[in-house]
Protein chains: 2
Amino acid sequence: MVGAGTDHTKTAYSGGPAIILVRPQLAVNIGMCARAMANFGLSDLRLVAPREGWPRTGAYRKGAYAAAAGAVHLLESAKLYDSVRAAIEDLSFVYASTARGRGQMKPVHTPAQALTVTAARHAAGEKHGVLFGPERTGLDNDDVALADAILTFPVNPAYASLNLAQAVLLTGYEWFRAAHGDVIPYDVEERSPPATREMSMAFFDFLESELDKRGFFRPETKKPVMARNLRNMFHRMGLTEQDVRTLWGMVVRLVEGPRRDPKKPERRNKLSDTPLQDDLSDQ
Amino acid sequence: MVGAGTDHTKTAYSGGPAIILVRPQLAVNIGMCARAMANFGLSDLRLVAPREGWPRTGAYRKGAYAAAAGAVHLLESAKLYDSVRAAIEDLSFVYASTARGRGQMKPVHTPAQALTVTAARHAAGEKHGVLFGPERTGLDNDDVALADAILTFPVNPAYASLNLAQAVLLTGYEWFRAAHGDVIPYDVEERSPPATREMSMAFFDFLESELDKRGFFRPETKKPVMARNLRNMFHRMGLTEQDVRTLWGMVVRLVEGPRRDPKKPERRNKLSDTPLQDDLSDQ
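A. The arrangement of the environment of B:Leu170 in detail. In this structure, B:Leu170 sits in helix 7 (residues 164-180). Note: C-alpha distance between B:Leu170 and B:Val48 (122 residues apart in sequence) is 21 Å.

Given below as structure tokens:
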């Protein structure tokens, strides 16, 4: 999987719910969370009492910054707090991510459910946040008690362990889908326009007459069903105009055999000025 | 984020589309992909010409196996191929995951779209697969040409780089949601049953009469709207029977002041045999 990395010429999403890492243990995980946030347009990273501090210098800084790949701007702007309570003061709704039930009377939501609500509330001007606990132990019950609801991931119950950055990644993914749509991040190549029925049927007629001349349809009584099956196969291709020109050229070549004189002007089909022999190189 | 790790007492999902790592460069990434697959009940891991081979021994093995956490069974059962073509021979539909358009005339789907189709086709007995390219370069155009469709992730266009294991994670996540439902992996704790209207209204009456005695509702003409607002606040809590008992006990204590004789049998409310003073410790 390769990516474009940081590309400042493209739409840069930011905002979204605060991602609050509570007592994270490893700098490299903070960096990987920043990277996952950048992938999905989240920009509000908050750190509560990181175990090794947050010096932003030395080897510690190096581990986090290397793991963040191009998302160092999120590390630079990360806010540091000494308590969960201080980290969530400006938020109107807080999720606590947990991998298990915690015996607390709170609603439990999946990311798809939770981030759909969060995206709608953000559009209305609210600010939400998600708490993620330390790598080894998760959030403690006092952290969970500060939240409005629990966020839990739909995973294989036999293997429910998600690491910190993966949990942030799935949260970001559902935020992005809810806030910006389930859309691919680039323009799909301009396709040749779909073939009109006139064009595809002219090709079918041509193909069938060439096959008929060569005795393909045997017995004769089966011809209608054989022709129908052939047409159905080609229809399933969702033919474009370019596809029809390519197929037409292919059949011509199969029928006529090797070209005799490449200097001679190319035979053109009746539907286009494009020389048939150029077709395949366009694909 | 903490997880249960491998828990053999719980439902263990397996199957799903083949995850095909094409010329993966680093053993640690193969291990992380195995872990992500286990999280979402995928079990068919295929390796095409791993750069460092697949010795399953020595330091190389150690890196992959450490990263796989509890998912070593997927590494043990991984199948090794020398070409993409050999790796996909038994599949009926193949996605190529790419982060950019590739100038190939293929449908482009997001994971939510693609895995919904794959889950439906798997339920009908088909077998699909997803190709993932080498970490640095991604799939080459000849690999992509072997696929039926392109799989692309909805990401922030300004920061589109997903690493290999993250791409596998999101694929697994959408597979799980489509095949097994967007459901949390544990039973939500038994909640106290919701309070009946009779029970909650009895509490409101009690609360309002105590407030009335103390001159809370001023001016008197505002009493109906003030009472209505109070009731609406409590209704928003989605009160359970236990909640009503707790609130009732709280108001009693506020009204009566400190308990005088803890040895005396506790005052019981009229809706339950539960001593009011036990309520808070049940929460």
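B. Region of the structure containing a nonpolar patch on the surface. A grouping of B:Met250, B:Leu254 and B:Val255 is seen on the molecular surface, where their side chains present a nonpolar patch of about 280 Å² in accessible area. The residue B:Leu254 is located in helix 10 (residues 241-256) in this model.

C. Structural context of the sheet that holds strand 2 (residues 45-48) of chain A. Residues and elements named next belong to chain A. Ordered by their spatial adjacency, 7 strands build an open sheet running 3-2-1-6-4-7-5, and the pairing between neighbours is parallel. Of all strands in the sheet, those with a lone pairing partner are strand 3 (79-81) and strand 5 (108-109), marking the two edges. Where strand 4 (residues 93-97) and strand 6 (residues 128-132) come together, 4 bridges link them in parallel fashion. Within strand 6, the residue paired with Phe-93 across the bridge is His-128. Sheet contacts for helix 1 (residues 27-39): strand 1 (18-22) and strand 2; angle to strand 2, the most-contacted strand, approximately 160°.

D. Spatial organisation of the packing of helix 5 (residues 111-123) of chain B against helix 7 of chain B. All names here are of chain B. Closest axis-to-axis distance for the helix 5/helix 7 pair is 8 Å, and the angle between their directions is 50°. When the interaxial angle is binned, helix 5 and helix 7 end up oblique. When you trace helix 5 past helix 7, the crossing you get is right-handed. Note on element contacts: helix 7 touches helix 5 through Leu-170, Thr-171, Glu-174, Trp-175, Ala-178 and Ala-179, opposite Pro-111, Ala-112, Leu-115, Thr-116, Thr-118, Ala-119 and His-122.

E. Quick peek at the relation of the copies chain A and chain B. For the pair chain A and chain B, the best superposition has an RMSD of 0.1 Å and corresponds to a rotation of 180° with a translation of 0.0 Å parallel to the axis. As the rotation angle and translation indicate, the two copies are arranged about a two-fold axis. Looking at chain A, 100% of its interface residues are interface residues in chain B too, so the copies touch through the same face.

F. Expanded view of the sheet that holds strand 5 (residues 108-109) of chain B. With parallel pairing, 7 strands are arranged side by side in an open sheet as 3-2-1-6-4-7-5 (chain B). Only two strands of the sheet have a single neighbouring strand rather than two, namely strand 3 (79-81) and strand 5 of chain B.

G. Spatial organisation of the domain arrangement of chain A. Taken as a whole, chain A is organised into domain 1 (18-180) and domain 2 (197-256). Here domain 1 of chain A and domain 2 of chain A have C-alpha centroids that lie 58 Å from each other.

H. Broad picture of the interface of chain A and chain B. Every contact between the two is made by 73 residues of chain A and, on the other side, 73 residues of chain B. Scanning the region where chain A abuts chain B turns up 2 salt bridges. The partner of A:Arg177 in a salt bridge is B:Glu174, with the nearest N and O atoms 3.7 Å apart. Counting the contacts that link chain A with chain B gives 22 residue pairs in polar contact (both at pLDDT 80 or more). At the level of secondary structure, the elements contributing two or more residues to the side of chain A that touches chain B comprise helix 1, helix 5 (111-123) and helix 7 (164-180) of chain A. Broken down by element, the side of chain A that touches chain B gets its largest block of residues, 9 residues, from helix 7 of chain A.

I. Quick peek at the state of the cysteines. Summed over the entire model, instances satisfying the criterion amount to 0 disulfides over all chains. Considering cysteine sulfurs only, B:Cys33 is the nearest to A:Cys33, which forms no disulfide, with 18 Å between them. Owing to a relative accessible area of 0%, A:Cys33 belongs among the buried residues under this scheme.

J. Main features of the pairing of strand 2 of chain A. All names here are of chain A. On strand 2, burial covers both faces: Leu-45 and Leu-47 on one face and Arg-46 and Val-48 on the other are all buried. Both strand 1 and strand 2 contribute to a ladder of 4 bridges, which runs parallel. Bridge pairing links Leu-21 to Leu-47 in strand 2. The parallel pair strand 1 and strand 2 is bridged by helix 1, and the resulting crossover is right-handed. In the sheet, strand 2 pairs with strand 3 via 3 bridges, with the strands oriented parallel. Looking across to strand 3, one finds that Arg-46 is bridged to Lys-79.

K. The arrangement of the side chain of B:Asp143 in detail. Residues and elements named next belong to chain B. Assignment of secondary structure puts Asp-143 in helix 6 (residues 141-145). For Asp-143, a relative accessible area of 5% gives the class buried. Only 2.8 Å separates the side chain of Asp-143 from the side chain of Arg-23, close enough to count as a polar contact. Leave out the neighbours within four places in its chain, and Asp-143 touches Val-22, Arg-23, Val-84 and Leu-131.

L. Fine view of the nonpolar core. By size, the foremost hydrophobic cluster in this structure holds 88 residues, and its most contacted members are A:Leu21, A:Leu45 and B:Leu21. What A:Leu21 contacts, discounting residues up to four positions off in sequence, is A:Ile30, A:Cys33, A:Leu45, A:Arg46, A:Leu47, A:Val48, A:Phe132, A:Leu164 and A:Val168. Grouped together as the second largest cluster of nonpolar side chains are 19 residues, B:Ile20, B:Val22, B:Ala96 and B:Ile150 included.

M. Focus on the environment of A:Thr196. Of note, A:Thr196 is situated in the loop between helix 7 and helix 8 (197-213). It is 8.2 Å that separates the C-alpha atoms of A:Thr196 and A:Thr240, two residues lying 44 residues apart in sequence.

N. Up close: helix 5 of chain A. Given a rise of 1.5 Å per residue, 13 residues ought to cover 18 Å, and the 18 Å separating the end C-alpha atoms of helix 5 of chain A matches this to within 8%. Taken as a whole, helix 5 of chain A has its buried residues at A:Pro111, A:Ala112, A:Ala114, A:Leu115, A:Thr118, A:Ala119 and A:His122. Buried residues of helix 5 of chain A, viewed axially, fall in a sector of 160°; they line one side. On its buried face, helix 5 of chain A sits against strand 4, strand 5, strand 6, strand 7 (149-151) and helix 7 of chain A together with helix 7 of chain B.

About the criteria used
- Here the residue numbering is sequential within each chain, running from 1 through the sequence in written order.
- Numbering of ligands from 1 and lettering of chains from A proceed in the order in which they are written.
- Only residues with pLDDT of 70 or above have their local features reported here, since the model is predicted, and side-chain atom pairs are shown and tallied only from 80 upward, although totals for entire chains, interfaces and linings are computed over all residues.
- For side-chain calculations, the full set of non-hydrogen atoms in the structure is used, while hydrogens and water are omitted.
- Helix and strand assignments come from DSSP, with helices taken as H or I runs of at least 4 residues and strands as E runs of at least 2, each series counted from the N terminus.
- A residue counts toward a patch only above 30% relative accessible area and without a salt bridge, and it is joined to like-charged neighbours within 9 Å or, for Val, Leu, Ile, Met, Phe, Trp and Tyr, to nonpolar neighbours within 5 Å.
- Per-residue and other accessible areas follow the Shrake-Rupley method at a 1.4 Å probe size, with only the shown protein chains counted as cover for residues.
- When a carboxyl oxygen of Asp or Glu lies within 4 Å of a side-chain nitrogen of Lys or Arg, that pair is called a salt bridge.
- In this analysis, strands are considered paired if DSSP registers two or more bridges between them.
- Should any heavy atoms of two residues lie within 4.5 Å, those residues are considered in contact.
- Angular values range over 0 to 180 degrees, each being the angle between N-to-C directions of two axes fitted as lines to C-alpha atoms, with helices fitted over their stretch in contact.
- Roughly parallel means an angle under 35 degrees; roughly antiparallel means over 145; roughly perpendicular covers 65 to 115; every other angle is labelled oblique.
- Handedness of a crossing is defined here by the sense of rotation of the near helix relative to the far one, left-handed for an anticlockwise turn of less than a right angle and right-handed for a clockwise turn.
- The fit set for superposing copies consists of C-alpha atoms from residues with pLDDT of at least 70 in both; the fit itself is least squares.
- Boundaries between domains were set according to an automatic or database domain assignment.
- Side-chain atoms alone can form a polar contact between residues adjacent in sequence; in general such a contact is a pair of N or O atoms within 3.5 Å, and within protein one must be able to donate a hydrogen while the other accepts it.
- Put simply, a disulfide is two cysteine sulfurs that come within 2.5 Å.
- Partly exposed residues are those whose accessible area sits between 20% and 50% of the maximum for their type, while under 20% is buried and over 50% is exposed, using a 1.4 Å probe and protein chains only.
- For the handedness criterion, the strands are oriented away from the viewer, and a crossover whose path from the first strand over the helix to the second runs clockwise is classed as right-handed.
- Among buried residues, the Ala, Val, Leu, Ile, Met, Phe, Trp, Tyr and Cys ones that are joined through side-chain atoms within 4.5 Å form a nonpolar core.
- One fewer than the residue count of a helix, multiplied by 1.5 Å, yields its expected span.
- Here the arc refers to the directions that run from the helix axis out to each C-beta atom.

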